[in-house]
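Listed here are the chains, written in short residue letters.
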Amino acid sequence: MTHFLEVSFIALMLSSTYILIAVGFTLFFGAINIVHFAHGDVAMLGAFVAIILYGTADALGLIGGSPIWVWAPLLAAAIAVATGGLGLLFERTIIKPFRASPMLITLVATVALGIIVRESVRLFYPQGSNPQVFPNLFGQSGIRLGELYFRTGHLVMLGLSLLLIIAMILLIRRTRIGLSIRAVSQNIEAASLSGINPDVVIMLTFFIGSILAGVAGVLIGSYYSMIKFDVGLMYGIKGFSAAVVGGLGNFYGAILGGLTLGVIETFASAYVPEGMAYKDVYAFLIVIFFLVFKPSGILAEKQYEKV
Amino acid sequence: MRKVGSILLLLGLESVGFAVFVAFMVAEGLGAIMAVLFGVLIASLALGRTKRLSEALRNLFEEHRKLAIAWGGLFVLALPFILHDNPYAVHMLFLAGLFVALAIGLDFQVGSTNLVNFATASTYGIGAYTAALLSVSFGWSFWIVLPLSGLAGMLFGFVLGLPTMKTKTYYLSLVTMAVGLIIYLLLNNLSWTGGPNGIAGIPTPTIGGSDFADGLTVFGIELPFQANFYYLILAVVLVEYIVARRLHMSKVGLAWNAIRDDEIAASCQGIDVTGYKIMAFYTNAFFDGLVGAIYAFSVGFISPENFAFMLSVIVIAMVLVGGMGNTAGVVVGAVLLTLIPEKLQVVEAYRLWLFAIIMLVMLLARPRGLFPQLVRQYR
């Protein structure tokens, strides 16, 4: 039972990482029908931005000099703005010129962008080809619940991710910004006729999506206590898979897809013999299985095909 | 008199192209590589923007079609002789041929039928592993193993095609990606494929008593042994090119193009959409398997790293950079994107970084490819 609960906790951590990345994929697809394949690398960048900013703040004496509830939110905001800004930069420079191109061109162009991002970190970050130590904000402290033991850092990060996911649901469902994002996703021309500036909405989706990916990167970093330049590709593919399995463009689909993938992967590696080596095989088999029976995702919007 | 002039012009133009190519093959510095790349980009832009120039060139080519092809063919055959004291250059030519074969195969799907396939590396890998396992474990000859590898690839392509029939666009790309990653992971983890260590000791093929590992001496010129494999892959590319042109001209090519342009409209015209889509899958996979076998025999050692996800992406990029649906353009794209990373060895660590930048710049400058497919012409 203890083992089961521990595995469930890890599954929840992994699922929220996937969800945070998948939400970006689904937002971008909703807004401009493209897949941004460097999105996983944006997550990796988020972790590196966190390392750099934490290091800078530490060097300036901000970390020790003020209580945690002062510097932590400020640091988080700085990381968010920096990562969101990077995502926005990619949209403006690389993705925008391909907006009218066939899907495959955008896909390959963003794969190339991903390579450039990854290689840039490897080449230009000091000792970039080695794994980088991720700062442990909460030390070795933890909470004991019966036989279970949780690290504080993991609990805080998981709580933060869940909060963010709920905040995203509220943002999409309840606010004017969410309304305009949904409007652009349904019909970009009609949205612009109703006084929405689609370009602003597109930029907004990239800003928000990249922030969420950055949080996922920080989550990955704090879970493994390190981050390497090349983790982005696999997380990108997993996030993309989660978004597609759930139904591209559907916000709840991304959550469902991320949960499915994270749970399958964690439980397969914990309970199936030799599962560790084959966990990705199970995850991708599930992806194929779902797409064979639900070719446009679990929560696909009903689409009528026309000639 | 005019005719002689136009013939000379054609041969002259082609010869200039060949000279540039040879210069590129032997060039060492980064500057020369960049200059050639820039030249190709400018040429493509000029052809795309000025209709009169491209039409004049096409007419010139059409007028002396046979001569132009003969002169080009002679050059391709003569390349190992020109570069005979540079075995590495000949090996690069072989690799270029390998990727040309993969890219033309993929274009059956991507260019002709608009079926995305991110599993090229797996069909290619299955061909290579079939060849390696059959020849190492059973000692079968290359000439028996080669067609069998093609068939193994084809069978896999058929199986891959079936579950993807209902999915489209990004959904289709994810299914093929997932299959590609599964095959890669299995190759890495199964014991009978050698795991991450792969399979070593694949014997070199022999033909009529002479071994492929021995260089030939023709007309007093000693060719490096890599030339043998170059001519082998050249034969495969030639067959594949003819098959591709024939299919493009035939009812099959027309059906593929119809499905690409509009699937529902195509099915309303009585085109068997599922049948033709599967056909695109296994035609591609057959050649992938064949090429995989040739690769395995040429290097003698294969491991899962040779069949990773990035290889599929690069082959797709070759088709896109060359120009979807235009076989000749795809050849240019494949040759360029094989030779550039090899040539970029001079910048060592910055190789992949620079390669990705070049790829991105090419896509930005020519979003429809360097030489896109023209509207079908009936004469």
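Above this text is the structure in question.
What this report covers is the structure whose coordinates are included nearby.

Conventions we followed
- Residues numbered from 1 in each chain as written.
- Chains lettered and ligands numbered in written order.
- Predicted model: local features only at pLDDT ≥ 70, side-chain atom pairs only at ≥ 80, totals over all residues.
- Heavy atoms only, no water.
- Helix = DSSP H or I, 4+ residues; strand = E, 2+ residues; numbered from the N terminus.
- Rg over C-alpha atoms; globule rule 2.2 N^0.38 Å.
- Buried < 20%, exposed > 50% of the residue type's maximum accessible area, 1.4 Å probe, protein only.
- Contact = heavy atoms within 4.5 Å.
- Areas by Shrake-Rupley, 256 points an atom, 1.4 Å probe, with all protein chains shown as cover.
- Lys, Arg positive; Asp, Glu negative; His and termini not counted.
- Charge placed at Lys NZ, Arg CZ, Asp CG, Glu CD.
- Phe/Tyr/Trp six-rings, centres within 6.5 Å; stacked < 30°, edge-to-face > 60°.
- Pairing = 2+ DSSP bridges.
- Patch = residues over 30% accessible without salt bridge, like charges linked within 9 Å, V, L, I, M, F, W, Y side chains within 5 Å.
- Salt bridge = Lys/Arg side-chain N within 4 Å of Asp/Glu carboxyl O.
- Buried area = accessible area lost by both parts, 1.4 Å probe.
- Polar contact = N/O pair within 3.5 Å; in protein donor to acceptor, adjacent residues only side chain to side chain.
- Nonpolar A, V, L, I, M, F, W, Y, C, P; charged D, E, K, R; others polar.
- Axes fitted to C-alpha atoms, helices over the stretch in contact; angles between N-to-C directions.
- Parallel < 35°, antiparallel > 145°, perpendicular 65-115°, else oblique.
- Expected span 1.5 Å × (residues − 1).
- Core = buried A, V, L, I, M, F, W, Y, C linked by side-chain atoms within 4.5 Å.

**Section: the overall build of chain A**
Looking only at helices and strands, chain A has 12 helices and 4 strands in total. Relative to the 2.2 N^0.38 estimate, which gives 19 Å for 307 residues, the radius of gyration of chain A is 19 Å and therefore close to what a compact globule would have. When its C-alpha atoms are laid out on the principal axes, chain A stretches across 60 × 50 × 40 Å. Going through the 307 residues of chain A one by one, you find that 51% of them count as buried. Of the contacts made within chain A by residues no fewer than 6 positions apart, 75% connect residues no fewer than 24 positions apart. Carbon and sulfur atoms make up 67% of the accessible area of chain A, which totals about 13500 Å². Of the side chains in chain A, 17 bear a positive and 14 a negative charge, and the two mean positions are spaced by 8 Å.

**Topic: the packing of aromatic side chains**
Taken as a whole and judged by the stated rule, the model has 34 aromatic pairs over all chains. With 6.4 Å between their ring centres and 80° between their planes, F21(B) and F75(B) make a pair best called edge-to-face. With F21(B) in helix α1 (residues 2-26) and F75(B) in helix α4 (residues 65-82), this residue pair connects regions lying 54 residues apart in the sequence. For F75(B), a relative accessible area of 12% puts it in the buried group. Considering the side-chain rings of F118(B) and F309(B), the 6.1 Å spacing of their centres and the 25° angle between planes classify their relative orientation as stacked. Here F309(B) lies in helix α13 (residues 309-322) and F118(B) lies in the loop between α5 (87-113) and α6 (120-137), a separation of 191 residues in the sequence. Comparing F118(B) with F309(B) shows no difference in burial state: the two are buried. In this structure an aromatic cluster arises from ring pairing among F25(A), F37(A), F240(A), F118(B) and F309(B).

**A short note on the pairing of strand β3 (residues 148-151) of chain A**
Residues and elements named next belong to chain A. Across the two faces of β3 the burial differs, with L148 and F150 buried and Y149 and R151 not buried at all. Pairing of strand β2 (residues 142-145) with β3 involves 4 bridges; the strand directions are antiparallel. Bridge assignment links G142 to a residue of β3, and that residue is R151. The turn joining β2 and β3, which pair antiparallel and follow one another in sequence, is formed by 2 residues; a positive phi near 60° is taken by G146.

**Notes on a nonpolar patch on the surface**
Together, F138(B), W140(B), I144(B), L148(B) and L151(B) give the surface a local cluster of nonpolar side chains, amounting to about 490 Å² of exposed area. Along the polypeptide, I144(B) turns up in helix α7 (residues 142-164).

**Some thoughts on the interface of chain B and chain A**
A common way to state how big an interface is: give the accessible area lost once the parts meet. Listed per partner, the contact involves 42 residues of chain B and 48 residues of chain A. Of the roughly 4200 Å² buried between chain B and chain A on both sides combined, carbon and sulfur atoms contribute 83%. Contact with chain A buries surface across chain B, with Y170(B), Y171(B) and L174(B) losing the most and accounting together for 19% of the total. Across the contact surface, chain B and chain A share 0 salt bridges. Where chain B touches chain A, the interface holds 5 residue pairs in polar contact (both at pLDDT 80 or more). If you list the elements that add at least two residues to the side of chain B that touches chain A, you get α8 (169-189), α11 (263-268), α13 and α15 (351-365) of chain B. Sorting elements by how many residues they give to the side of chain B that touches chain A places α8(B) first, with 14 residues. Here the side of chain B that touches chain A is built from residues that sort into 35 nonpolar, 4 polar and 3 charged.

**A few points about the packing of helix α2 (residues 30-49) of chain B against helix α3 (residues 51-63) of chain B**
Residues and elements named next belong to chain B. Interaxial distance between α2 and α3 falls to 5 Å at its minimum, and their mutual angle equals 100°. In this view, α2 runs roughly perpendicular relative to α3, as classed from their interaxial angle. Touching A46, L47 and R49 of α2 are K51, L53, S54 and L57, all from α3. Grouping the constituent residues of the contact of α2 with α3 by class yields 4 nonpolar, 1 polar and 2 charged.

**With respect to the packing of α5(B) against helix α12 (residues 273-299) of chain B**
Relative placement of two packed helices is described by the angle separating their axes and the distance separating the axes. Residue and element names in this part refer to chain B. Packing of α5 against α12 leaves a shortest axis separation of 9 Å and a crossing angle of 170°. By the criterion of interaxial angle, the relationship of α5 to α12 is roughly antiparallel. Facing F94, L98, A101, L102, G105, L106, F108, Q109 and T113 of α5, the residues of α12 in contact are A280, F281, T283, N284, F287, D288, V291, I294, Y295 and S298. Across the contact of α5 with α12, the residue classes break down as 12 nonpolar, 6 polar and 1 charged.

**Details of the side chain of S180(A)**
With respect to the helices and strands, the residue S180(A) is situated in helix α7 (residues 176-186). Dropping the residues within four chain positions of it, S180(A) is found in contact with I196(A) and V201(A).

**Considering the pattern of salt bridges**
Counted according to the given criterion, the structure contains 12 salt bridges over all chains. A salt bridge links R99(A) to D199(A), with the nearest nitrogen and oxygen atoms 3.3 Å apart. Of this pair, R99(A) sits in the loop between α4 (68-95) and α5 (103-124) while D199(A) sits in helix α9 (residues 198-224), placing them 100 residues apart in sequence. In this structure, K277(B) and E263(B) form a salt bridge, with 3.1 Å as the shortest nitrogen-oxygen distance. Here K277(B), found in helix α12, pairs with E263(B), found in helix α11; they are 14 residues apart in sequence, far enough to count as distant. Taken together, the salt bridges that share partners define one network made up of E91(A), R92(A), R99(A) and D199(A).

**Things to note about the environment of Y282(B)**
Residue and element names in this part refer to chain B. Examined against the element boundaries, Y282 turns out to sit in helix α12. Spatially, the C-alpha atoms of Y282 and T123 are 9.7 Å apart, while their sequence positions differ by 159 residues. Filtering out sequence-adjacent residues up to four positions away, Y282 remains in contact with M154 and F158.

**Considerations on α12(B)**
All names here are of chain B. Here α12 contains 27 residues, and its C-alpha end-to-end distance of 39 Å stays within 8% of the 39 Å for a straight helix at 1.5 Å per residue. Buried residues dominate α12, accounting for 21 of its 27 residues. Residue G300 follows α12 closely and has a positive phi angle near 75°.

**Section: the nonpolar core**
Ranked by internal contacts, the top residues of the largest apolar core, which has 216 residues, are F37(A), M168(A), F240(A), F118(B), Y170(B), I302(B) and F307(B). Of all the elements, α5(B) adds the most residues to this core, at 17 residues.

Bear in mind that shape data such as this cannot, by itself, settle questions of function.
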